[in-house]
Amino acid sequence: MKVLKRKTVALSPQGHAHGQHRPSAEELFHAPGESPAVYSITKPVAFAQGVGGTHFAAAMIRCVEGVRDWAAHQRHLVGHIKVFIENGSKDHLWLASTGKRISVQSSPGWDAAVSETFQVHFTAIIFGPGQDHLEEIVAEHIQRELSSIQP
Amino acid sequence: MKLVIFGGFLGSGKTSLILSLAHHLVNREGSEKPSLVILENEIGEVGIDNKVLQAGGFSVKELFAGCICCTLTADLVTTLNDLHEKIQPKWVIFEPTGLAYPKKIIETVNQYGKGIERIVVIAVVDAERWEELTEITPGLIEGQVSSGDLILINKCDLVDGVALQAIREQVRAMNPRAEILEVSATSGIDTRIWGKVDEGPEA
Ligand SMILES: Nc1nc2c(ncn2[C@@H]2O[C@H](COP(=O)(O)OP(=O)(O)O)[C@@H](O)[C@H]2O)c(=O)[nH]1
Ligand SMILES: [Mg+2]
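Bear in mind that the values here come from a model prediction, so they are computed numbers and not experimental data.

1. Overview of the overall build of chain A
Secondary structure assignment for chain A yields 3 helices and 5 strands. Shown N-terminal to C-terminal, the secondary structure of chain A runs as helices and strands in the order α-β-α-β-β-β-β-α. Residue burial in chain A is summarised as follows: out of 151 residues, 53% are buried. In chain A, 74% of the contacts between residues at least 6 apart in sequence involve partners at least 24 apart. Put simply, chain A shows about 7,000 Å² of open surface, and 50% of that area lies on carbon and sulfur atoms.

2. Re the pattern of salt bridges
Overall, the coordinates contain 13 salt bridges over all chains when judged by the stated rule. Close ionic contact of A:Lys82 with B:Asp49 constitutes a salt bridge, the shortest N to O distance being 2.8 Å. With one member in each of two chains, A:Lys82 in strand 2 (residues 77-87) and B:Asp49 in helix 2 (residues 49-55) form a pair that bridges those chains. Pair check on accessibility: A:Lys82 and B:Asp49 agree, each one buried. Put simply, B:Arg192 and B:Asp190 hold a salt bridge, and the shortest N to O gap is 2.7 Å. Given a relative accessible area of 66%, B:Arg192 falls into the exposed group. Assessed through its relative accessible area of 32%, B:Asp190 is described here as partly exposed. Through salt bridges with shared partners, one network takes in B:Asp126, B:Arg129 and B:Lys155.

3. Things to note about the pairing of strand 7 (residues 179-182) of chain B
Residue and element names in this part refer to chain B. Bridge count for strand 6 (residues 150-154) against strand 7 is 4 bridges, and the pairing is parallel. When the sheet's bridge partners are listed, leucine 150 is paired in strand 7 with glutamate 179. Each parallel crossover has a hand, and the one from strand 6 via helix 7 (residues 161-174) to strand 7 is right-handed.

4. Overview of the site of ligand 1
Neighbouring ligand 1 are 22 residues; A:Lys82, A:Ser103, B:Thr15, B:Ser16 and B:Asp157 lie closest to it. Each of chains A and B places residues next to ligand 1. Within the backbone of B:Gly13, a nitrogen or oxygen atom sits 3.0 Å from an oxygen atom of ligand 1. B:Asn154 places a side-chain nitrogen or oxygen 3.0 Å from a nitrogen atom of ligand 1. Here ligand 1 has 580 Å² of accessible area as a free molecule, and 95% of this is covered by the chains.

5. Re the layout of surface pockets
Estimated volume of the largest pocket: approximately 690 Å³. In terms of lining, the largest pocket is formed by 33 residues, of which the most central are A:Trp94, A:Ser103, A:Gln105, B:Ser16 and B:Thr186. Only strand 2, strand 3 (92-97) and strand 4 (102-106) of chain A together with helix 1 (14-29) and helix 2 of chain B provide two or more residues apiece to the lining of the largest pocket. Looking at which element gives the most residues to the lining of the largest pocket, the answer is helix 1 of chain B, with 5 residues. Among the residues forming the lining of the largest pocket, the class breakdown is 8 nonpolar, 18 polar and 7 charged.

6. Observations regarding the packing of aromatic side chains
All told, the structure shown has 8 aromatic pairs over all chains when counted by the stated rule. Connected via pairs of aromatic rings, a cluster forms that spans A:Phe47, A:Phe56, A:Trp110 and A:Phe118.

7. Remarks on the sheet that holds strand 3 (residues 60-62) of chain B
Residue and element names in this part refer to chain B. Spatial ordering of the open sheet is given by 3-2-4-1-5-6-7, a layout of 7 strands whose pairing is parallel. The two strands at the open ends of the sheet, each matched to only one other strand, are strand 3 and strand 7. Looking at each pair of strands side by side, their axes are set apart by 20° on average, direction ignored. When strand 1 (residues 2-8) meets strand 4 (residues 91-95), the two strands line up parallel, connected through 4 bridges.

8. Observations regarding helix 3 (residues 131-147) of chain A
Residue and element names in this part refer to chain A. The terminal C-alpha atoms of helix 3 lie 24 Å apart, and with 17 residues this matches the ideal 24 Å at 1.5 Å per residue to within 8%. Among the residues making up helix 3, those that are buried are Gln131, Leu134, Glu135, Ile137, Val138, His141, Ile142, Glu145 and Leu146. Summarising the contacts, the buried residues of helix 3 are in contact with strand 1 (37-52), helix 2 (53-73) and strand 5 (114-127).

9. Description of the confidence of the model for chain B
Residues of chain B with pLDDT of at least 70 account for 91%, and the chain-wide mean is 89. ipTM for the predicted complex: 0.90, alongside a pTM of 0.89.

10. Here we look at the packing of helix 2 of chain A against helix 3 of chain A
A packed helix pair is summarised by two numbers, namely the angle formed by the two axes and the spacing between the axes. All names here are of chain A. At a minimum axis separation of 9 Å, helix 2 and helix 3 run at an interaxial angle of 150°. By the criterion of interaxial angle, the relationship of helix 2 to helix 3 is roughly antiparallel. Between helix 2 and helix 3 lies a crossing of right-handed hand. Between helix 2 and helix 3, the residues in contact are Phe56, Ala59, Met60, Arg62, Cys63, Gly66, Val67 and Trp70 and His133, Leu134, Ile137, Val138, His141, Ile142, Glu145 and Leu146, respectively. Partitioning the contact of helix 2 with helix 3 into residue classes produces 11 nonpolar, 3 polar and 2 charged.

Cut-offs and rules
Residues numbered from 1 in each chain as written. Chains lettered and ligands numbered in written order. Predicted model: local features only at pLDDT ≥ 70, side-chain atom pairs only at ≥ 80, totals over all residues. Heavy atoms only, no water. Helix = DSSP H or I, 4+ residues; strand = E, 2+ residues; numbered from the N terminus. Buried < 20%, exposed > 50% of the residue type's maximum accessible area, 1.4 Å probe, protein only. Contact = heavy atoms within 4.5 Å. Areas by Shrake-Rupley, 256 points an atom, 1.4 Å probe, with all protein chains shown as cover. Salt bridge = Lys/Arg side-chain N within 4 Å of Asp/Glu carboxyl O. Pairing = 2+ DSSP bridges. Right-handed = clockwise from strand over helix to strand, strands pointing away. Near = heavy atom within 4 Å. Polar contact = N/O pair within 3.5 Å; in protein donor to acceptor, adjacent residues only side chain to side chain. 1 Å grid on protein atoms, 1.4 Å probe; cavity = no way out; pocket = protein on both sides within 12 Å on 5 of 7 lines; lining within 4 Å. Points joined across faces, edges and corners; volume = space filled by probe spheres on them. Nonpolar A, V, L, I, M, F, W, Y, C, P; charged D, E, K, R; others polar. Phe/Tyr/Trp six-rings, centres within 6.5 Å; stacked < 30°, edge-to-face > 60°. Axes fitted to C-alpha atoms, helices over the stretch in contact; angles between N-to-C directions. Expected span 1.5 Å × (residues − 1). pLDDT = per-residue confidence, 0-100. Parallel < 35°, antiparallel > 145°, perpendicular 65-115°, else oblique. Left-handed = near helix turned anticlockwise from the far one by under 90°.

Now the structure itself:
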């Protein structure tokens, strides 16, 4: 499985990406608080044999559940967790959660399609954890659930 | 060009509502040049909502900016002026990040934007998370609600009537002038609501 990790934009006070302006907690929230940690990647996934849409979706749902439950356990506020996945035939699956339910929507062909390649776009915006810690946790959940998929 | 800005916290339902409005506008215009462009600014290197909107068949442009609060106003103005010169769409819908203050965006667009007849700001309120968010980030929520010309209290399917009434009262206190409507993006939006966006007074 090839992992292509793109640069994440650190919005924590240490790693703000904007050249001129660094938002303080007060500016963002007008209240004590902090900027969120952001995990945002595109990850191409390939299997030796085709994997069904329902099967792949179930793994991705477990992954979002895992990150959500971790955030809840740590009492971190979830900005959102969103995932968009395309399979080899351009069907797509969209998952989103703000910390409670997980909504799952897909194009009509997704469930029945069997594909060897998937493109996973994953963004988690969480208030509370350090940037590195969030990256580590989310990457771990993605890795675990993807490797649980048996074609 | 008419510019519709959707303000509201992360996950409040902006993209779901934009999908509904975009369908309404395209259906109404029929085969005539649809003339709708959606501008997306998202937190994080990889955009998700822009892909959702593209999958819906709409023309979407991503705006890039490292900073989530000053929110790209320079990039936005450049893009709007470029659209005005090259495409002249009838409608531009802009979704800033869930941490943006629409007021800053409106000020910049008013000052530097060309060819914009009217700006409508829709403030989206997440009914499910109202209590939590007004506690954790009151300044941002108030900033977003107070800038709305129209306020959509979304996710009404997830809260009861008593909670909704309390939200409505607090929203009203933050914004005495705007119309406040209760909606649920996932259960479908009455097209009369989008008619309000459509037929409002010219600027
Ligand atoms: N139950 C319910 N869920 C909704 C509603 N509107 C949006 N959602 C869900 O809330 C999540 C975030 O919605 P989205 O449109 O992406 O919000 P955005 O982050 O503000 O653009 C998604 O899982 C949506 O399916 C609604 O009216 N009711
Ligand atoms: Mg959105």
